[in-house]
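# Chains, contacts and geometry: an overview
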Amino acid sequence: MRGYGLIVAMWVRSTLAYRASFLLAVVASFLTSGLDFVAIYIMFRHVDGLGGFSLPEIALLYGATTVSLGLADLVLGNSDRVGALIRTGALDTMLVRPVPVFAQVAADRFALRRVGRISQGAVVLVWGLAAAGVDWTAARVVLVPVMLVAGGGIFAAVFVLGAAFQFVAGDAAEVQNSFTYGGTTMLQYPPTVFAREVVRGVTYVVPLAFVNWVPALYLLGRPDPLGLPDWAAFVSPLVALVAFVPAAFAWRAGLRAYRSTGS
């Protein structure tokens, strides 16, 4: 963590040396990320509901998954560059430094501008929570930050698995992106619009449903389409921890199997 923090601090200082450029990048990230919700808003100009969900309820889903992905992307987003580092031989340089390779990979080119995505998702989430008519209790209040942090942990585990896969497949960042960015696009919409087999897959195989679907259904007082009990909404942190176990082993196995490019 110390090595990761030092590298991140270096990139942050470099970024803030050009404050105007940084602010423009954050605004651009905010606006670009918001285009997805603009598309949803335009769709709701022509329909009253989607899968039985209103616009504020979908805003809740959208905001939660956007903030969670934004947190994971901010902390570990550069892990998708492992394939490029292997191909160019840059990973060899990281192996001889007195800092864990994973910390270097995750912190390399740390992009503080990604707070724009988090901020945009947070704005939509706050509006969704206010307009969706949530019946607030102490448990629901606690669940909101737990959902966001645990969702970020689940996405982070997928980032690590994708990075480990690139030791085998080479530069396969798009495979990783199909589960992270593709997954968050799917989670922006209610589970009721998808086939039951798809919902089962993202619940029991790749547990992305615990990023926002399962906790958000509890917040809204809606039944789970797979019949999960109410307490399942609070197991997202455990799901994130369980997801990190194979991710960590896969990363260690990939790194141990790595052979230099020889260049």
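Criteria and thresholds
- The numbers attached to residues start from 1 for each chain and follow its sequence in the written order.
- Restriction of local features to residues with pLDDT of at least 70 applies here, the model being predicted, together with a cutoff of 80 or more for giving and counting side-chain atom pairs; totals for whole chains, interfaces and linings are based on all residues.
- Derived side-chain values reflect all non-hydrogen atoms in the structure, with water molecules and hydrogen atoms excluded from consideration.
- Here, a salt bridge means any side-chain nitrogen of Lys or Arg that lies within 4 Å of a carboxyl oxygen of Asp or Glu.
- Starting at the N terminus, helices and strands are each numbered in turn, a helix being any DSSP run of H or I of at least four residues and a strand any DSSP run of E of at least two.
- The classification of residues rests on relative accessible area computed with a 1.4 Å probe and restricted to protein chains. Under 20% of the type maximum is buried, over 50% is exposed, and intermediate values are partly exposed.
- All axes here are fitted lines through C-alpha atoms, helices being fitted over the stretch that makes contact, and every angle between N-to-C directions spans 0 to 180 degrees.
- Orientation is classified from the angle alone, with under 35 degrees giving roughly parallel, over 145 giving roughly antiparallel, 65 to 115 giving roughly perpendicular, and any other angle giving oblique.
- By convention, the crossing between two helices is left-handed when the near helix turns anticlockwise from the far helix through less than a right angle, and right-handed when the turn is clockwise.
- Residue contacts are counted whenever heavy atoms from the two residues lie within 4.5 Å of one another.
- The residue classification treats Ala, Val, Leu, Ile, Met, Phe, Trp, Tyr, Cys and Pro as nonpolar and Asp, Glu, Lys and Arg as charged. All others, Gly included, are polar.

## Some points on the pattern of salt bridges
Applying the stated criterion to the full structure yields three salt bridges. We note a salt bridge from Glu57 to Arg222, for which the minimum N-O separation is 3.1 Å. Here Glu57, found in helix H3 (residues 55–76), pairs with Arg222, found in the loop between helix H11 (213–220) and helix H12 (236–257); they are 165 residues apart in sequence, far enough to count as distant. Exposure remark for Glu57: the relative accessible area of 10% places this residue in the buried category. A salt bridge links Asp73 to Arg114, with the nearest nitrogen and oxygen atoms 3.5 Å apart. Here Asp73 is found in helix H3, whereas its partner Arg114 is found in the loop between helix H6 (101–107) and helix H7 (115–131), with 41 residues between them in sequence.

## A few points about the packing of helix H2 (residues 19–43) against H3
Two numbers describe how H2 lies on H3: the axes approach to 11 Å, and their chain directions differ by 160°. Considering their axes alone, H2 and H3 lie roughly antiparallel with respect to each other. Pair H2 / H3 crosses with right-handed handedness. Of H3, the residues touching H2 (which contributes Ser33, Gly34, Asp36, Phe37, Ile40 and Tyr41) are Leu55, Ile58, Ala59, Tyr62 and Thr66. Residue composition of the contact of H2 with H3, by class: seven nonpolar, three polar and one charged.

## Let's talk about the side chain of Gln120
Mapped onto the secondary structure, Gln120 falls in helix H7. Non-local contacts of Gln120, meaning those with residues more than four positions away in its chain, are made with Phe30, Ser33, Gly34, Phe37, Tyr62 and Thr66.

## Concerning the environment of Val47
In this fold, Val47 is placed in the loop between H2 and H3. On the basis of relative accessibility, which here comes to 33%, the residue Val47 falls in the partly exposed class. Considering only alpha carbons, one finds Val47 and Asp80, 33 residues apart in sequence, at a separation of 38 Å.

Without other data, these values stay purely geometric and don't point to any function.
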